[in-house]
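Chain residues, written in single-letter form:
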Amino acid sequence: MKQLNECRVLVTANSYGKFNPSLKIELENQVKEVIYNKTGKPLSSQQVADFLPGIDGYIAGLDDIDKKALLAADTLKVIARYGVGIDKVDLQAASEKGIIVTNTPGANSASVAELALSMILTLARKVPYAVKALQNGEWPRLPGWTLEDKTIGIIGLGAIGKHLVKRLSAFNCHLMAYDPYADHIFAQKYDITLVDLPSLIANSDVISLHVPVLDETRGMVNEKFISEMKNGSILINTSRGELVDEKALIEGLQSGHLRGAGLDAFNKEPPDTDNPLLSMSQVICTPHLGAQTDGATNNMGRMALDECLRVLQGEKPLYQVN
Ligand code: NAD
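Notes on the structure follow. (Residues numbered from 1 in each chain as written. Predicted model: local features only at pLDDT ≥ 70, side-chain atom pairs only at ≥ 80, totals over all residues. Heavy atoms only, no water.)

Side note on the environment of Phe51
Step number 1: For Phe51, the location among the structural elements is in helix H2 (residues 45-51).
Step number 2: Non-local contacts of Phe51, meaning those with residues more than four positions away in its chain, are made with Leu10, Ile35 and Leu43. (Helix = DSSP H or I, 4+ residues; strand = E, 2+ residues; numbered from the N terminus. Contact = heavy atoms within 4.5 Å.)

Dropping the structure here:
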């Protein structure tokens with residue numbers, strides 16, 4: 001087995017070390033050579049194949065790492081994905097070649113939870129509406145909410161849902177969650193009432209979605225769901241656009257049934273400029289920026305670097321996915 005200082009590492013994740021240059025220095029000091037992707041974009045399968053000969057470790061952005069690309073890997077031991085998604089890596093082809101694939105679970109969870117929290121607070125105080133009103137020369141007195149005594153319903157109590165709970169626990173609100181695989185110990189620790197979905201929908205002042213897209217969650221926020229939400233409640237979606245029927249949401253907002261919505265994900269991204277959600281003063285729309293923070297970037301870089309070096313030194317990685 002090669003010594004670490006004989007290894008060559010390919011880094012294609014464009015933001016690797018962007019906020020923390022010491023991650024680059026640390027890697028460069030430990031291995032023989034580091035080759036960076038200077039295209040500013042994810043690599044195509046052919047580009048990956050061109051880079052791979054003689055590479056031992058690969059800190060990978062959203063490149064097409066398919067079977068064809070992996071044919072060119074002659075010394076590759078590890079693909080350390082910089083991020084959670086592994087859909088662009090042919091895991092079977094990697095396993096067949098004895099290449100370990102890792103990812104960085106949880107690296108951006110706190111960032112997404114903070115975005116959800118910021119949307120909840122901002123909509124509770126009708127800030128988007130207030131900003132527009134003031135810009136139009138008005139000086140309205142708006143009926144804001146405190147979160148104290150409100151019920152926040154979290155659908156999906158996984159990595160992001162748990163980070164949101166930890167932050168919300170400072171606000172003296174009631175926490176409710178629906179997750180068929182909920183962590184009961186965590187729920188007990190943070191005084192979360194675990195309920196079924198209809199109870200959560202009917203009793204929450206704010207509903208925040210933190211589930212993946214699955215057959216049972218795709219389009220879950222439909223006309224029926226929205227009509228069963230409490231009058232004057234808020235919907236937050238920092239997960240995936242596929243979870244929400246936007247037409248039904250628009251109707252729920254236009255009718256005044258919902259107080260507002262915070263959306264970081266859309267049916268179509270970017271949404272069409274005439275999508276009514278973009279121009280509603282009770283809606284906050286952001287361009288899928290939940291994970292785009294210095295903290296998340298640094299976490300991904302740190303975790304991917306550690307995983308890559310672990311494997312190159314013959315140790316077991318913490319987050320192997322194949
Ligand atoms: P996670 O896998 O840690 O948690 C998901 C939770 O959903 C799990 O606890 C699971 O048991 C639960 N779940 C599964 N099926 C369910 C169902 N039918 N009903 C209720 N709960 C169910 O995932 P995560 O890291 O917390 O991510 C949550 C979502 O956030 C994902 O959709 C992910 O794509 C999205 N996300 C968005 C951004 C962004 O930039 N806005 C960034 C990262 C992740």
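Description of the packing of helix H1 (residues 22-30) against helix H12 (residues 294-312)
Packed helices, taken two at a time, are described by the angle between their axes plus the distance between the axes.
Step number 1: Two elements in contact, H1 and H12, have axes whose closest approach is 10 Å; the angle formed by their N-to-C orientations is 10 degrees. Here H1 is positioned roughly parallel relative to H12, judged by the angle of their axes. Facing H1, whose interface residues are Leu23, Glu26, Leu27 and Gln30, H12 presents Asn298, Gly301, Arg302, Leu305 and Leu309.
Step number 2: Looking at the contact of H1 with H12, its residues break down into 4 nonpolar, 3 polar and 2 charged. (Axes fitted to C-alpha atoms, helices over the stretch in contact; angles between N-to-C directions. Parallel < 35°, antiparallel > 145°, perpendicular 65-115°, else oblique. Nonpolar A, V, L, I, M, F, W, Y, C, P; charged D, E, K, R; others polar.)

Overview of the pairing of strand E9 (residues 206-209)
Moving residue by residue along a regular strand, the side chains alternate between the two faces of the sheet.
Step number 1: Of the two faces of E9, the one holding Val206 and Ser208 and the one holding Ile207 and Leu209 are both buried throughout.
Step number 2: As paired elements, strand E6 (residues 151-155) and E9 share 4 bridges and run parallel to each other. Bridging from a neighbouring strand, Ile155 pairs with Leu209 of E9.
Step number 3: Pairing analysis gives 4 bridges linking E9 to strand E10 (residues 233-237), with the strands arranged parallel. What sits directly across from Leu209, in E10, is Asn237. (Buried < 20%, exposed > 50% of the residue type's maximum accessible area, 1.4 Å probe, protein only. Pairing = 2+ DSSP bridges.)

Side note on helix H5 (residues 109-124)
Because an α-helix packs 3.6 residues into every turn, residues spaced three or four apart end up facing the same way.
Step number 1: In this model, H5 (16 residues) spans 23 Å end to end at C-alpha, consistent with the 22 Å of a helix rising 1.5 Å per residue.
Step number 2: Within H5, burial applies to Ser109, Ser111, Val112, Ala113, Leu115, Ala116, Leu117, Met119, Ile120, Leu123 and Ala124. (Expected span 1.5 Å × (residues − 1).)

A look at unusual backbone geometry
Trans is the prevailing form of peptide bonds, just as negative phi is the prevailing case for residues other than glycine.
Step number 1: Residue Pro270 is reached from Glu269 by a cis peptide bond, and omega for that bond is -5 degrees.
Step number 2: By secondary structure assignment, the location of Pro270 is in the loop between strand E11 (258-263) and strand E12 (283-285).
Step number 3: For Asp191, which is not glycine, the phi torsion reads 55 degrees and is therefore positive.
Step number 4: The topology assignment puts Asp191 in the loop between helix H8 (184-189) and strand E8 (192-194).
Step number 5: A relative accessible area of 63% places Asp191 in the exposed class.

A closer look at the sheet that holds strand E5 (residues 100-102)
Step number 1: Across the sheet, which stays open at both edges, the 5 strands sit in the order E2-E1-E3-E4-E5 with parallel pairing between neighbours. Looking along the sheet, the strands with just one partner apiece sit at the ends: strand E2 (33-36) and E5. Between one strand and the next, the sheet's axes are offset by a mean angle of 15 degrees, whatever the strand orientation.
Step number 2: Summarising the sheet, strand E4 (residues 78-81) and E5 pair through 3 bridges and their orientation is parallel. Bridging from a neighbouring strand, Val78 pairs with Ile100 of E5.
Step number 3: Packing of H1 onto the sheet brings it into contact with strand E1 (8-11), E2 and strand E3 (57-60), and relative to E2 it is tilted by some 135 degrees.
Step number 4: Across the sheet, H12 lies against E1, E3, E4 and E5, angled at about 165 degrees from E4, the strand it touches most.

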